[in-house]
Structures are given as C-alpha cells and as structure tokens.
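Take a look at the letters that make up each chain.
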Amino acid sequence: MSAARPSGPFREGDRVQLTGPKGRLHTVTLRADGELHTHHGVLRHADLIGQPDGSVVTNSSGHDYLALRPLLRDFAMSMPRGAAIVYPKDAAQIVMQADIFPGAVVVEAGVGSGALSLALLRAIGAEGTLTSFERREDFAEVARANVETFFGETPDTWQVVVGDLATELGAHHAAGSVDRVVLDMLAPWECIEAVAEALTPGGVVICYIATATQLSRVAEFLRGTGLFTEPEASETMVRGWHVEGLAVRPDHRMVAHTGFLLTARRLAPGAVPPEVRRRASKSSYGDEDVELWTPGAVGDREITDKNLRKRVREAQKAAGGARVAAASRDAEQASQ
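No experiment lies behind these values; they were computed from the predicted model shown.

Scanning the chain for helices and strands turns up nine helices and 15 strands. Here the C-alpha radius of gyration of the chain, 22 Å, is about what a compact globule of 336 residues would show, namely 20 Å. Each principal axis of the C-alpha atoms in the chain carries an extent, and together these give about 70 × 50 × 40 Å. The buried share of the chain, taken over its 336 residues, is 43%. Excluding contacts between residues fewer than 6 apart, the proportion of contacts in the chain whose partners are at least 24 apart in sequence is 66%. Carbon and sulfur atoms make up 51% of the accessible area of the chain, which amounts to about 17,300 Å² in all. For the chain, the separation between the mean place of its 36 positive charges and that of its 43 negative charges on side chains is 5 Å.

Take a positive patch on the surface next. On the surface, K306, R309, K310 and R313 cluster together to form a positively charged patch. With respect to the helices, strands and loops of the structure, K310 is situated in helix 9 (residues 305-335).

We now examine the packing of helix 2 (residues 88-97) against helix 3 (residues 115-124). Contact pair helix 2 / helix 3: the axes reach a minimum separation of 10 Å and the direction vectors enclose 35°. Pair helix 2 / helix 3 crosses with right-handed handedness. Facing helix 2, whose interface residues are A91, I94 and V95, helix 3 presents L116, A119 and A123. A breakdown of the residues in the contact of helix 2 with helix 3 according to their chemical character gives six nonpolar, no polar and no charged.

Turning our attention to the sheet that holds strand 2 (residues 25-29). Spatial strand order, 2-1-6-5: four strands in an open sheet with antiparallel pairing. Each of the sheet's edge strands pairs with one partner strand only, and the pair in question is strand 2 and strand 5 (55-58). Going across the sheet, the axis of each strand differs from the next one's by a mean of 30°, ignoring polarity. Pairing of strand 5 with strand 6 (residues 64-68), which is carried by four bridges, proceeds in the antiparallel orientation. Looking across to strand 6, one finds that V57 is bridged to Y65.

With that settled, the discussion passes to the environment of A196. Tracing the sequence through the fold places A196 in helix 6 (residues 192-198). Residue class for A196 comes out buried when judged on its relative accessible area of 4%. Residues contacting A196, with those up to four places away along its chain left out, are L227, F228 and R266.

A contiguous nonpolar patch, built from V56, L66 and L68 and spanning about 230 Å² of accessible area, is present on the exposed surface. If you trace the backbone, L68 turns up in strand 6. Residue L68 is classed as partly exposed on the basis of its relative accessible area, which comes to 34%.

Each α-helix winds once per 3.6 residues, and so residues spaced three or four apart point in a common direction. Across its 31 residues, helix 9 extends 45 Å between first and last C-alpha, which sits within 8% of the 45 Å expected from 1.5 Å per residue. All of the buried residues in helix 9 are L308, V312, A315, A318, A319, G321, A322, A325, A326 and R329. Summarising the contacts, the buried residues of helix 9 are in contact with strand 1 (15-19), strand 2 and helix 4 (137-151).

Bringing the pattern of salt bridges into the picture now. On inspection of all chains with the given rule, the structure shows 14 salt bridges. One connected set of salt bridges, linked through shared partners, spans D14, D53 and R69.

Tallied over the entire structure, the rule returns one cavity of 30 Å³ or more. As a volume, the largest cavity reaches approximately 50 Å³. A84, I85, V86, E108, G110, V111, G112, S113, G114, A115, L116 and D184 are the residues that line the largest cavity. Among the residues making up the lining of the largest cavity, the classes are represented as six nonpolar, four polar and two charged.

Now for the side chain of T157. With respect to the secondary-structure elements, T157 resides in the loop between helix 4 and strand 9 (158-162). For T157, a relative accessible area of 8% puts it in the buried group. Beyond its immediate stretch of four places on either side in the chain, T157 contacts L121, I124, G125, A126, G128, T129 and L130.

What follows deals with helix 4. Taking 1.5 Å of rise per residue, 15 residues should cover 21 Å, and helix 4 covers 21 Å from first to last C-alpha, within 8% of that figure. Counting buried residues along helix 4, eleven of its 15 residues qualify, which places the element largely inside the surrounding structure. Where helix 4 is concerned, the buried positions are F139, A140, V142, A143, A145, N146, V147, E148, T149, F150 and F151. Where helix 4 is buried, its residues contact strand 1, helix 1 (72-78), helix 3, strand 8 (129-134), strand 9 and helix 9. Once helix 4 finishes, G152 follows within two positions and takes phi at roughly 85°, a positive value.

What counts and how
- Residues numbered from 1 in each chain as written.
- Predicted model: local features only at pLDDT ≥ 70, side-chain atom pairs only at ≥ 80, totals over all residues.
- Heavy atoms only, no water.
- Helix = DSSP H or I, 4+ residues; strand = E, 2+ residues; numbered from the N terminus.
- Rg over C-alpha atoms; globule rule 2.2 N^0.38 Å.
- Buried < 20%, exposed > 50% of the residue type's maximum accessible area, 1.4 Å probe, protein only.
- Contact = heavy atoms within 4.5 Å.
- Areas by Shrake-Rupley, 256 points an atom, 1.4 Å probe, with all protein chains shown as cover.
- Lys, Arg positive; Asp, Glu negative; His and termini not counted.
- Charge placed at Lys NZ, Arg CZ, Asp CG, Glu CD.
- Patch = residues over 30% accessible without salt bridge, like charges linked within 9 Å, V, L, I, M, F, W, Y side chains within 5 Å.
- Salt bridge = Lys/Arg side-chain N within 4 Å of Asp/Glu carboxyl O.
- Axes fitted to C-alpha atoms, helices over the stretch in contact; angles between N-to-C directions.
- Left-handed = near helix turned anticlockwise from the far one by under 90°.
- Nonpolar A, V, L, I, M, F, W, Y, C, P; charged D, E, K, R; others polar.
- Pairing = 2+ DSSP bridges.
- Expected span 1.5 Å × (residues − 1).
- 1 Å grid on protein atoms, 1.4 Å probe; cavity = no way out; pocket = protein on both sides within 12 Å on 5 of 7 lines; lining within 4 Å.
- Points joined across faces, edges and corners; volume = space filled by probe spheres on them.

Laid out in structure tokens, this is it:
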C-alpha cells in the first residue's frame with residue numbers, strides 16, 4: 001500500500017470536500033473541465049487544482065467555499081453505497097475492542113460498501129493482511145472501487161473473496177492462523193464454527209449486530225460452543241455539543257443506536273472457562289423464536305438493482321479519478 005500522505009496541492013482526480021454557504025457540504029472528484037453547480041452559483045474545478053489543502057475559493061456568484069481533503073470519517077459517510085455502512089463511531093470501537101494492530105492477520109465478512117475495510121486496512125499497516133468475504137459480487141465491486149478511491153490504489157494487503165466465509169475461510173487461512181475476525185452480517189452464528197477453527201488461541205471475534213434478537217442468538221451460540229470466553233456486548237452513542245461563547249449545550253440531534261458490538265476470545269484447545277454468570281437454559285428460546293431471527297424479521301432491506309447499478313458506476317468513476325490523481329502524484333515524485 002502506498003505510503004503517500006494525503007497532503008499537498010489538489011490534483012485532478014482528488015476527492016475534495018467543499019463547505020459552502022450555511023455549512024452545506026459537497027464532495028466532488030476534481031476534473032480539469034469540471035464544475036460544481038448549485039443555486040448559489042458555479043465553482044470551477046480548475047480554480048481548485050493546484051491550490052493547497054484548506055484553501056478558500058470563490059464561485060461565480062461571490063460565495064466562498066472551504067476546500068479540504070475528506071478525512072476517513074468524511075469519506076466513509078459520503079462514498080457510494082451498495083449496502084449500509086459501519087458508521088465511523090462503530091468502526092473506531094471495532095478497531096479498539098478487537099485490538100486491530102499493525103501486522104495483524106484479519107478476516108472480515110461481509111465487506112458491504114468498504115467503510116470498515118478502510119479502517120481495518122489503516123490499522124493493520126503495511127505488514128498485516130485483510131481478507132474480506134462478501135457473498136454479493138455487486139457489493140464487492142462497490143467496496144473495491146471505494147477503497148481504491150480512498151487510497152489511490154488497491155492495497156497489496158487486501159484480498160476480497162466473493163463467497164461465504166462459513167464454507168471458504170479454510171481455503172484461504174490455515175487453522176489457528178488468524179488473529180482477528182470481524183463479522184458484519186445478519187446471521188453471524190452461521191460462521192462461528194469456521195471462525196473458531198481459523199482463530200489462534202487468544203484471538204478475537206467481534207460481531208456487529210443490528211438488533212437485540214440477533215445479539216441474543218449469537219451470544220448463546222458462542223456460549224454453546226465452549227470454545228470462547230464469555231461474550232461482552234456494548235453499543236456506542238455519540239452526542240455532539242454546540243459551543244459558541246457561553247452558549248454551550250448538547251446538539252438537538254445525535255447519532256444514537258446503529259448497532260451492537262459483541263466480542264469474545266478464542267480459548268486454548270481443551271480449556272474450560274470458569275462460569276461467571278448464570279447462563280440461559282435451553283428452554284429460553286425455541287423454534288418460534290428462531291423465526292424472529294430471519295433476515296426479513298431483523299430488518300434486511302434490499303436495494304433495487306437499478307439503484308445498485310448506479311452506486312457501482314459512481315464508485316468506479318471515483319476510483320478512476322483516484323487513479324488519475326495517483327499517476328499525477330507519482331509523476332511529481334519521479335521528477336523531483
């Protein structure tokens with residue numbers, strides 16, 4: 001993966017975040033002949049190319065726009081989506097709770113639109129590896145394009161496998177060779193046996209789960225295997241604050257529940273963990289409860305084929321711009 005810093009003057013192909021009148025945000029990919037049209041006027045991309053990061057430019061109507069390269073959190077929130085993303089607040093918790101470290105061997109499923117993949121790739125550094133499993137090729141295409149757009153290339157440390165982790169993990173990673181596994185799917189319990197086989201003793205599995213019914217099911221499944229430590233569940237809520245002079249108060253809106261995180265660690269072969277709490281009996285849920293954990297019941301929402309094709313085109317267009325910017329950067333470095 002390129003070690004180039006996201007800095008320096010804006011180049012053609014760069015993604016730029018523009019903050020205009022009243023704080024309205026626009027994210028554009030710079031083109032020599034490109035223009036941003038709003039009801040406040042027209043801003044030519046050529047006025048931005050060559051300017052340093054953090055510049056202020058004026059459009060045709062005299063309105064000022066602040067131009068900055070998007071941070072990872074900004075990029076993740078504005079990039080084309082094939083599937084719902086893992087929000088930055090949750091991605092940060094996943095990196096910390098799962099202890100994603102430089103050089104780690106990490107597996108994730110599914111890749112969705114690639115937002116979490118970006119955070120994981122940053123965390124594992126140049127010596128680690130990330131294998132991302134995704135059942136849908138169209139989602140994988142969006143994720144590949146988004147990752148290439150952000151990094152300017154497809155990292156050597158990343159492999160995308162279109163398939164089911166439950167059946168294909170063993171073909172890509174030997175038993176006991178994986179440090180961390182991140183599961184972002186409707187039914188993570190379907191993959192736990194394969195995960196237990198691949199994880200090294202002491203390795204971490206972390207599940208990103210949307211609903212309380214899913215949380216209950218996967219926690220009971222982990223306990224039932226006898227192969228993991230007692231699972232720990234949490235959720236993260238972020239509330240912004242308005243700070244202006246003495247007017248200091250919480251914002252009226254906040255990012256509250258997006259999902260639960262459930263973590264557990266792989267036990268050594270043959271180890272029996274001490275019981276730390278009363279466990280639910282087998283009668284705590286039955287077949288009728290399992291019906292509540294079907295994809296439709298837990299909120300699986302399908303994106304239309306037409307909308308998804310549009311998202312794929314948007315992501316691939318942005319990736320093409322990133323390749324142009326990377327080529328320009330490499331040419332500059334070669335001439336120095």
